[in-house]
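Here is how the chains run, residue by residue.
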Amino acid sequence: MSSNLTVCGVCEYSNIKKISVVWCSECDEGLCEECKVHHAASKATRDHSIVQISKYQKLPSIILKITQTCSKHNEKYQIFCKKHDSPCCRRCVVETHDNCGELNAIDDLTQNVKSSNAFLEVEQMLAELSENLQRIRKGRQDNVKSLKENKTKIEKEIKETRILINNHLDELQESLIKELYAIEEKENKKISCLISSIQEKEREITECQTNLDKIKQNASDLQTFLAMKHIQQDVTNNEQFIESLLKENNMNHVTISFKREKLWKLYLPL
Ligand SMILES: [Zn+2]
Ligand SMILES: [Zn+2]
Ligand SMILES: [Zn+2]
Ligand SMILES: [Zn+2]
């Protein structure tokens, strides 16, 4: 392939710079308008197929890189060896493919190649490949989308679960506090009741003391003797009262305790 497509190769050989209008792949060079006419008339080149430069420039680079002459012998490819699946020039055939059997003229093979089954097949296979790739890509893209949806849904569920746990803990706290208040109130009531009866006894004792004091100061010996019987009875009664209090364990110091571990065992394995 010539380094400069746009310059006429023939004229450049004579150090003249002219713009090429066509490309001859067999000569592998561009031709100006004038040289094109010579090229078409000369016996050596009149069979060469030429293309417009503008058209040639549109060919993909992979095509432009494919050489149409044998690099080893610098001769035009003319034969195709089926056994080696390779194009050969005349010399190649003589040197390497003489015994290969199935050798075809390239001109025969290239006729109507664009409408051949093989060409159609390649076209079809490419279309199928492209379709398959598209389908696989779409599938994967759908997966990415659905993963995102999964994530969003689960995140919402986690947050909702947290609210449920919060609510549950609120209820638990409320019921525990309610229970605590009830226990305290019940124990308070019991102790208050006891305090009332103790205060009643204290009043009685104080009255006894006052009476005994008055008797000591003002009563006669006989009055004192008789009154003492009553007061002694009161003292005995009160002693019995204290004894009964102690017996009934009413004097125990009451406390309320909270067993957190027990609660955890109950509520943590939600
Ligand atoms: Zn020229
Ligand atoms: Zn040519
Ligand atoms: Zn060759
Ligand atoms: Zn061969």
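Residues take numbers from 1 onward in each chain, read along the sequence in its written order. Chain labels run from A onward and ligand labels from 1 onward, assigned in the order the entries are written. The predicted nature of this model means local features are confined to residues of pLDDT at least 70 and side-chain atom pairs, given and counted, to a pLDDT of 80 or more, with totals for whole chains, interfaces and linings taken over all residues. Heavy atoms throughout the structure, all of them, feed into the side-chain values; hydrogens and water do not.

The protein appears in an unreviewed UniProt entry as B box-type domain-containing protein from Mytilus coruscus.

Chemist: I'd like a rundown of the sheet that holds strand β6 (residues 79–81), residues and numbers included.
Modeler: Here, any two strands with at least 2 DSSP bridges between them count as paired. Secondary structure elements follow DSSP: runs of H or I no shorter than four residues count as helices, runs of E no shorter than two count as strands, and numbering proceeds from the N terminus. Reading across from one edge, β7-β6-β8 is the order of the three strands in this open sheet, with antiparallel pairing throughout. Only two strands of the sheet have a single partner each, and these edge strands are β7 (86–88) and β8 (103–105). Direction aside, the axes of adjacent strands within the sheet are offset by 35 degrees on average. In this structure, β6 lies alongside β8, joined through three bridges in antiparallel fashion. Along β8, the bridge assignment pairs I79 with A105. For helices, the axis comes from a line fit to the C-alpha atoms of the stretch in contact; other axes are also lines fit to C-alpha atoms, and the angle between any two N-to-C directions lies between 0 and 180 degrees.

Chemist: I'd like a rundown of the coordination of the zinc ion (ligand 4), residues and numbers included.
Modeler: Ideal values for angles at a metal depend on the geometry: 109.5 degrees with four tetrahedral donors, 90 or 180 degrees with six octahedral donors. Of the protein atoms, only C81 (SG), H84 (ND1), H97 (ND1) and C100 (SG) coordinate the zinc ion (ligand 4), at distances of 1.8 to 2.3 Å. Only nitrogen, oxygen and sulfur atoms within 2.8 Å of the metal, or 3.2 Å for Na, K and Ca, are treated as donors, and water is left out, so sites may look incomplete. For a four-donor site, all angles between 85 and 135 degrees give tetrahedral; for four or six donors, opposite pairs above 155 degrees with the remaining angles between 65 and 115 give square planar or octahedral; all remaining cases count as irregular. For the zinc ion (ligand 4), the four donor atoms in the first shell make angles of 100 to 119 degrees at the metal, so the coordination geometry reads as tetrahedral. Considered as a linear motif, the donors of the zinc ion (ligand 4) on their single chain read C-x2-H-x12-H-x2-C. On the criterion of sequence distance, the pair formed by C81 in strand β6 and C100 in the loop between α5 (90–95) and β8 is long-range, its members being 19 residues apart. According to the relative accessible area criterion, C100 is buried, its value standing at 12%. Exposure classes here rest on a 1.4 Å probe applied to the protein chains alone. A residue is buried below 20% of its type maximum, exposed above 50%, and partly exposed in between.

Chemist: I'd like to hear about the packing of aromatic side chains, residue by residue, with values.
Modeler: Here a Phe, Tyr or Trp ring, Trp counted by its six-membered ring, pairs with any other such ring whose centre lies within 6.5 Å, and the pair is stacked when the planes are under 30 degrees apart, edge-to-face when over 60, and tilted otherwise. Counted according to the given criterion, the structure contains one aromatic pair. Judged by centre distance (4.8 Å) and plane angle (15 degrees), the rings of W23 and Y56 are stacked. Residue W23 is located in strand β1 (residues 22–24), and its partner Y56 is located in helix α3 (residues 53–57); the two are separated by 33 residues in the primary sequence. Both residues of the pair, W23 and Y56, belong to the buried class.

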